[in-house]
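Coordinates in review
So the chains spell out like this:
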Amino acid sequence: MKVCVVTLFPEFFDGPMQVSIPARAIERGELRFDTVQIRDFGKGVHRSVDDTPYGGGAGMVMRAVELGRATAAAKERLPNAPVVLMSPQGARLTQGLAAQLAELDELILVCGRYEGVDERFVERHVDAELSIGDVVLSGGEAAAFCVIDAVTRLLPGVLGNADSAREESFVTPRLEHPQFTRPPVYDGLSVPPVLVSGDHARIDRWRRKAALLRTLQRRPDLLPEGAMSDDDLDLLADDRDPVDGWLQKPRKLESSS
Ligand code: SAH
């Protein structure tokens, strides 16, 4: 897959693209990554790319002319890529959307800054808008990296164990079961005995039940009416190998004020 990011801060990606999964994907030739520096298309000696908003108000808006040229340069490199603008007003990124993006051969991600971009740029150049959540970042770069990371790990041959992408949270619309590793006792807490039983059918049942209960507790919105199968209902009724001890509520940050 080829990804081109249109940005005022190409150096933002230097670190993140050099570690772990994205780095491995690039090394294996599964991912090609490059950037277009919007400022290269900027106006005047200062290479300016933004201006005050029509109608007044705070902050600066990225101009359509320069953004349009920068995006056209990305499009020249990747003619078949959809142009996706990172925006808090876009469709929320989900695992399902990441899987759809991972099917593409080419992708262009455009990063806004300041108060955002001139709407006419969106009208003329943008195929889709994508948000990473209901929160406002200072720029699209961190959001674009979230997209790249989520998509890259789904590319064939990138993750070491193909199963690890299949069994995770949201792949089936539920959260993953809790995980444990050595040592067997940590600070007085033992791992659930079933996980060291060696009985794979029992382990599988425990994990599916834990996943289901966690989802019901933390994210019931993922399991609307009718989303549970007969198999799921059987699991909930099954009281062998209790899960309860591991169903603590997700911890919330308390505001200090
Ligand atoms: N004034 C805009 C926010 C601008 S934030 C508004 O209220 O909608 C500046 C840039 O950061 C945006 O253009 C976008 O590219 C990026 N950005 C901010 N929050 C984001 C989010 N949740 N998801 C994706 N991109 C985001």
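Located above this text is the structure these notes cover.
Before going into details, it helps to say that this report is about the structure given with it. The structure displayed is predicted, hence computed values, not measured ones.

**Topic: helix 7 (residues 200-218)**
Helix length check: helix 7 (19 residues) gives 26 Å between terminal C-alpha atoms against 27 Å at 1.5 Å per residue, within 8%. Looking at the buried residues of helix 7, the elements they touch are helix 8 (230-237). For helix 7, the N-terminal capping position is held by aspartate 199, with its side-chain oxygen 3.3 Å away from the main-chain nitrogen of alanine 201.

**Side note on the environment of glutamate 176**
Here glutamate 176 lies in the loop between helix 6 (162-166) and strand 8 (185-186). Among the residues examined, glutamate 176 registers a relative accessible area of 22% and is labelled partly exposed. Residues glutamate 176 and leucine 212, spaced 36 residues apart in sequence, show a C-alpha to C-alpha distance of 8.4 Å. A distance of 3.1 Å separates a polar atom in the side chain of glutamate 176 from a polar atom in the side chain of glutamine 179.

**So, the packing of helix 1 (residues 20-27) against helix 5 (residues 140-152)**
Interaxial distance between helix 1 and helix 5 falls to 9 Å at its minimum, and their mutual angle equals 65°. Taken as a pair, helix 1 and helix 5 cross one another with a handedness that is left-handed. Of helix 5, the residues touching helix 1 (which contributes Ile21, Pro22 and Ala25) are Phe145, Asp149 and Thr152. Residues of the contact of helix 1 with helix 5, tallied by class, amount to 4 nonpolar, 1 polar and 1 charged.

**A closer look at the sheet that holds strand 6 (residues 106-110)**
Read from one edge to the other, the open sheet built from 5 strands follows the order 2-1-6-5-7, with strand pairing classed as parallel. A single partner strand is all that each edge strand has here, and the edge strands are strand 2 (32-37) and strand 7 (128-131). Strand-to-strand twist of the sheet, defined as the mean angle between neighbouring strand axes without regard to direction, takes the value 35°. As paired strands, strand 1 (residues 2-7) and strand 6 are joined by 5 bridges and run parallel to one another. Residue pairing in the sheet places valine 5 in a bridge with leucine 109 of strand 6. Its contacts with the sheet put helix 5 on strand 1, strand 2, strand 5 (83-92), strand 6 and strand 7, and the angle it makes with strand 5 is roughly 100°.

**Notes on the site of the ligand**
For the ligand, the set of nearby residues contains 20 residues, the closest of which are Met86, Gln89, Gly112, Glu115 and Val135. Between the ligand and methionine 86 there is a distance of 2.6 Å, counted from an oxygen atom to a backbone nitrogen or oxygen. At a separation of 2.9 Å, an oxygen atom of the ligand approaches a polar side-chain atom of glutamine 89. Here the ligand has 560 Å² of accessible area as a free molecule, and 85% of this is covered by the chains. Listing elements by their share of the shell around the ligand, those giving two or more residues are strand 5, strand 7 and helix 5.

**Things to note about the environment of proline 16**
Assignment of secondary structure puts proline 16 in the loop between strand 1 and helix 1. In the structure, proline 16 is positioned 129 residues away from phenylalanine 145 in sequence and 7.8 Å away in space, judged by C-alpha atoms. Residues in contact with proline 16, not counting those within four places in the same chain, are Pro22 and Phe145.

**A few points about the packing of aromatic side chains**
In this structure the tally under the stated criterion is 3 aromatic pairs. Summarising the aromatic geometry, the rings of phenylalanine 13 and phenylalanine 33 are spaced 5.5 Å apart at their centres and angled 50° between planes, so their arrangement reads as tilted. Placement of the pair is phenylalanine 13 in the loop between strand 1 and helix 1 and phenylalanine 33 in strand 2, with a sequence separation of 20 residues. A relative accessible area of 22% means that phenylalanine 33 is categorised as partly exposed. Look at phenylalanine 180 and tryptophan 246: their rings are 4.8 Å apart centre to centre, the planes differ by 70°, and that puts the pair in the edge-to-face class. Separated by 66 residues along the polypeptide, phenylalanine 180 in the loop between helix 6 and strand 8 and tryptophan 246 in the segment after helix 8 bring together distant segments of the chain. Assessed through its relative accessible area of 28%, phenylalanine 180 is described here as partly exposed. Ring pairs connect the aromatic residues Phe12, Phe13 and Phe33, which therefore count as one cluster.

**Section: a nonpolar patch on the surface**
A surface patch of nonpolar side chains, amounting to about 220 Å² of accessible area, comprises Ile132, Val135 and Leu137. As for its placement among the helices and strands, leucine 137 is situated in the loop between strand 7 and helix 5. Given a relative accessible area of 38%, leucine 137 falls into the partly exposed group.

Rules behind the numbers
Residues numbered from 1 in each chain as written. Predicted model: local features only at pLDDT ≥ 70, side-chain atom pairs only at ≥ 80, totals over all residues. Heavy atoms only, no water. Helix = DSSP H or I, 4+ residues; strand = E, 2+ residues; numbered from the N terminus. Expected span 1.5 Å × (residues − 1). Contact = heavy atoms within 4.5 Å. Polar contact = N/O pair within 3.5 Å; in protein donor to acceptor, adjacent residues only side chain to side chain. Buried < 20%, exposed > 50% of the residue type's maximum accessible area, 1.4 Å probe, protein only. Axes fitted to C-alpha atoms, helices over the stretch in contact; angles between N-to-C directions. Left-handed = near helix turned anticlockwise from the far one by under 90°. Nonpolar A, V, L, I, M, F, W, Y, C, P; charged D, E, K, R; others polar. Pairing = 2+ DSSP bridges. Near = heavy atom within 4 Å. Areas by Shrake-Rupley, 256 points an atom, 1.4 Å probe, with all protein chains shown as cover. Phe/Tyr/Trp six-rings, centres within 6.5 Å; stacked < 30°, edge-to-face > 60°. Patch = residues over 30% accessible without salt bridge, like charges linked within 9 Å, V, L, I, M, F, W, Y side chains within 5 Å. Salt bridge = Lys/Arg side-chain N within 4 Å of Asp/Glu carboxyl O.

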